[in-house]
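# Structural features, examined
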Amino acid sequence: MRTHYCAQINEQHIGEVITVAGWVASRRDHGGVIFIDLRDKDQVLQLVCDPTDNTAAHKVAEEVRDQFVLIATGRIRARGEGLENPNLKTGKVEMVVDKLVIENRSKPMPFEIGDEKVNEEIRLKHRYLELRSQRSYDIFKLRSKATIAARNALDSLGFLEVETPILTKSTPEGARDYLVPSRVHHGEFYALPQSPQLFKQLLMVSGFDRYFQIAKCFRDEDLRADRQPEFTQIDVEMSFCDQEDVIKVAETLIHDVFTKCGFEIPTTFKRMSYNEAMEKYGSDKPDMRYDLAMVDVIDIFERCDNEIFSNIAKTPKKNRIKALKVPNGDNIFSKRQMKGFEDYVRKFGAQGLGYFQMKEDGLKGPLIKFFSEEDIQMIIDRCELQVGDVVFFGAGEKKLVLDYMGRFRIFLAQTMEIIPQDTFEFLWVVDFPMFEVEDGRVKALHHPFTQPKTLDYEDIEDIESIAYDIVLNGTELGGGSIRIHKEAMQAEIFKLLGIGEEEAQEKFGFLLDALKYGAPPHGGFAIGLDRLIMLMAGTDSIRDVIAFPKTQRAQCLLTQAPSEVDAEQLKELNIRIRQTVTQ
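What this report covers is the structure whose coordinates are included nearby. (Residues numbered from 1 in each chain as written. Predicted model: local features only at pLDDT ≥ 70, side-chain atom pairs only at ≥ 80, totals over all residues. Heavy atoms only, no water.)

### A few points about the overall build of the chain
Defined as follows: Secondary structure counts use DSSP, requiring at least four H or I residues in a row for a helix and at least two E residues in a row for a strand, with both numbered from the N terminus. Residue burial is assigned from relative accessible area. The probe radius is 1.4 Å, only protein chains are included, and a residue is buried under 20% of its type maximum, exposed over 50%, and partly exposed in between. All accessible areas in this document rest on Shrake-Rupley with a 1.4 Å probe, and a residue is counted as covered only by the protein chains that are shown. Under the counting rule used here, the positive set is Lys and Arg, the negative set is Asp and Glu, and His together with the chain ends is not counted. Charge positions are represented by NZ for Lys, CZ for Arg, CG for Asp and CD for Glu.
Tallying secondary structure elements over the chain gives 16 helices and 22 strands in all. With the principal axes as the frame, the chain shows a C-alpha extent of 90 × 75 × 60 Å. Taking all 583 residues of the chain together, the buried fraction comes to 48%. Carbon and sulfur atoms form 48% of the exposed surface of the chain, whose accessible area is close to 30,600 Å². Computed over 76 positive and 95 negative side-chain charges, the inter-centroid distance for the chain is 4 Å.

This is the structure we're talking about:
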């Protein structure tokens, strides 16, 4: 049907007769001469239908409307002087149409292609139309290029691509499983995998040595802009390795992908311990494109005359008092804004927000009266304050303070618009805690198959694991760990998590058995492909980089999934829907 794609056509084709096909991006009638912008997969070509050149083609063009599907044959000529379009690859040429075929018509569009102000529900309901935009095509072209680059990079490093099951066993990995009822085994269920974690470990036991997969994963969890119920990850595992080996492979992979997609990034990335990240930035995924690091001042506040602060400071292991300096903040923020900052942190549990302003004649603020001159100077020195700076203080229980001050740091950066765009700042966060305790229950911070550095401890939350996350511009891009490869260690971890022998055997017996047959030391990582493309493409939502995404309520507006199913199907699966009675 076509001889060329629009993007292929340039001055070298002047005088040639060619055929193109695509959709009408726009149509204009200029005194009888009709101009049509015809768009195919990734470019636009201007068609000229002049009644003096070809009456039949012009007659057809009179019927044409936006988004009609056309096939056009004609001669390529140079555009007139001053009529070139520098924004198009084809902007120096146009086609004089000899033959025009309306292959299919389009009814009036529910929205204009490329209009990002349209309600998202309308766009997702007609997602196949939104995907016609140049922006959407460019995103998925980037995604395809990145995926191919990832495959080629891992292949060159000796990794073998292996597909693991989609229908598997339900195992707790931190989020809810999507369950699939079995027709053959009544009352029993498969689960869709949250990750290929256990299978890729079993492949290491099998001696495959280096595995990878572009893997579909599923998690039935609350959604955000960077989450979906089904997502794709670049999944990697390797044997006879340590943390440095895994990090080197991950950095090589990421560098190759970004380079092939036209971006320059370093070959190695910065590193920071989990504790440093939390203490300085209040987050295990800090955005390193800007500074605004927190400073610990709890020892200084312990000596102040304010009883609230001094009492908090008496238990430095449990509590925190953090200072956050904003350079030149005194000349940036109004009094109204400063009041609004306190309202902001209160939303996340803060009792208040103290601050000092560095003036020409010294440090000023409502709290200054509680400190000695010596301690005031210590605050100035520790926070490295200059005239015009503002320093904010958060005080209270450790987790609470780190959380709201970390959020406040991001809020300040966004308010001041100091976050650089079009730049990539990578960071490895390492030495994660092995466990966290919530409501008296011990949970694995990553997953229960992570290798601890040691099990000698006084406080279980002080145990560190050999786990690492890769962060890009404040977003967790992926992560991994060195795995437990000895059955006795894995059984001990299950025990610390409150998983008894019987439960462990029922849920993970196949893994425990496999570890008894000579499992090698192994580790790996996974990178979220959707998040990677979201950051590379510079879009704010992961839904933009998934062809047919779900909403924040996990619905597909296009197909109306999830939906009810036929009663006969439910009967065959031995499932009965219970009606919920509300009072």
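### Some remarks on unusual backbone geometry
Each neighbour pair has its own omega, and for A561 with P562 the value is 0°, a cis peptide bond. Structurally, the position occupied by P562 is in the loop between α15 (529-537) and α16 (567-572). Residue N328 is not a glycine yet carries a positive backbone phi of 60°. Among the structural elements, N328 can be located in the loop between β13 (319-326) and α10 (335-346). Phi is positive for E384, close to 55°, though the residue is something other than glycine. Turning to its location among the elements, E384 is positioned in the loop between α11 (373-383) and β16 (390-397). By relative accessible area, which is 58% here, E384 ends up exposed.

### Structural notes on the sheet that holds strand β22 (residues 522-528)
Strand pairs in the sheet, formed through backbone hydrogen bonds, run parallel or antiparallel to each other. Keep this limit in mind: Two strands are counted as paired when DSSP detects at least two bridges linking them. Note on definitions: a residue-residue contact is assigned when non-hydrogen atoms from the two residues lie within 4.5 Å. Lines fitted to C-alpha atoms define the axes here, with helix axes fitted over just the stretch in contact, and angles between the N-to-C directions of these axes take values from 0 to 180 degrees.
Across the sheet, 8 strands lie side by side as β6-β9-β10-β22-β21-β20-β17-β11; this open sheet has mixed pairing. Looking at which strands have only one partner, the edges of the open sheet turn out to be β6 (160-161) and β11 (270-273). Here strand β20 (residues 467-472) pairs with strand β21 (residues 475-482) via 6 bridges, running antiparallel. Paired with I470 across the bridge in β21 is G478. Sitting on the sheet, helix α7 (residues 274-281) is in contact with β11 and β17 (426-430), with an inclination near 85° to β11.

### Quick notes on the sheet that holds strand β4 (residues 69-78)
In space, the 5 strands of this closed barrel follow the order β1-β2-β3-β5-β4, with mixed pairing throughout. The mean inter-strand angle of the sheet, taken between neighbouring strand axes irrespective of direction, is 55°.

### A word on the pattern of salt bridges
The condition that has to hold: Salt bridges are counted wherever a side-chain nitrogen of Lys or Arg sits within 4 Å of a carboxyl oxygen of Asp or Glu.
Tallied over the entire structure, the rule returns 38 salt bridges. E11 is paired through a salt bridge with K92; the nearest N and O atoms lie 3.7 Å apart. Remark: K92 occurs in the loop between β4 and β5 (93-104) and E11 occurs in the segment before β1 (17-30); sequence separation between them is 81 residues. Across the pair E503 and K507 runs a salt bridge whose closest N-O atoms are separated by 2.9 Å. Of this pair, E503 and K507 are both found in helix α14 (residues 501-515), 4 residues apart, which corresponds to roughly one turn of the helix. A relative accessible area of 25% means that K507 is categorised as partly exposed. Three or more residues joined by partner-sharing salt bridges are found here, namely K200, D235, E237 and R483.

### Things to note about α10
For clarity, the cut-off: Expected span, for any helix, means 1.5 Å times one less than how many residues it has. The arc in question is traced by the directions running from the helix axis to the C-beta atoms.
Taking 1.5 Å as the rise per residue, α10 with 12 residues should run 16 Å; its terminal C-alpha atoms sit 17 Å apart, in good agreement. Listed in full, the buried residues belonging to α10 are M338, F341, E342, Y344 and V345. The buried residues of α10 occupy an angular sector of 155° when projected down its axis, which confines them to one face. Against the buried residues of α10 lie β14 (354-359), β16 and α12 (398-416).

### With respect to the packing of α7 against α12
Where we set the bar: Here roughly perpendicular refers to angles of 65 to 115 degrees, roughly parallel to angles under 35, roughly antiparallel to angles over 145, and oblique to all remaining angles. Throughout this entry, Asp, Glu, Lys and Arg are counted as charged residues, while Ala, Val, Leu, Ile, Met, Phe, Trp, Tyr, Cys and Pro are counted as nonpolar. The remaining residues, Gly among them, count as polar.
At a minimum axis separation of 8 Å, α7 and α12 run at an interaxial angle of 65°. The angle between the axes of α7 and α12 places the two elements in the roughly perpendicular class. Contacts from M278, E279 and Y281 of α7 reach α12 at K398, L402, G406 and R409. Partitioned by chemical class, the residues of the contact of α7 with α12 number 3 nonpolar, 1 polar and 3 charged.

### Description of the environment of I254
If you trace the backbone, I254 turns up in helix α6 (residues 243-260). Note on I254: relative accessible area 3%, which makes it buried. Placed 101 residues apart in sequence, I254 and A153 show a C-alpha to C-alpha distance of 9.0 Å. Those residues in contact with I254, other than ones at most four positions away along the chain, are I265, F269, F426, I470 and I527.

### Here's the deal with the environment of S136
With respect to the helices, strands and loops of the structure, S136 is situated in helix α4 (residues 134-156). Given the relative accessible area of 5%, S136 is considered buried. Once the C-alpha coordinates of S136 and D155 are considered, the two residues, 19 residues apart in sequence, prove to be 29 Å apart. Apart from residues lying up to four places away in sequence, S136 is in contact with E130 and L131.

### Points about helix α13 (residues 487-496)
Within α13, the full set of buried residues consists of Q490, I493, F494 and L496. The buried residues of α13 occupy an angular sector of 160° when the element is viewed end-on, so they sit on one face. Across α13 from its buried face, at more than 90 degrees, point the exposed residues A488 and K495. Buried residues along α13 sit against β18 (435-438), β19 (441-444) and α14. Within two residues after α13, G498 carries a phi angle of roughly 80°, on the positive side.

### What about the packing of α10 against α12?
To be explicit about the condition: Take the far helix as the reference: if the near one is turned anticlockwise from it by less than a right angle, the crossing is left-handed, and if turned clockwise, right-handed.
Closest axis-to-axis distance for the α10/α12 pair is 10 Å, and the angle between their directions is 140°. The orientation of α10 relative to α12 falls into the category oblique. Taken as a pair, α10 and α12 cross one another with a handedness that is right-handed. Every residue of α12 that contacts α10 at Q337, F341, Y344 and V345 is listed here: Y404, R407, F408, F411, L412 and T415. Within the contact of α10 with α12, the residues separate by chemical class into 7 nonpolar, 2 polar and 1 charged.

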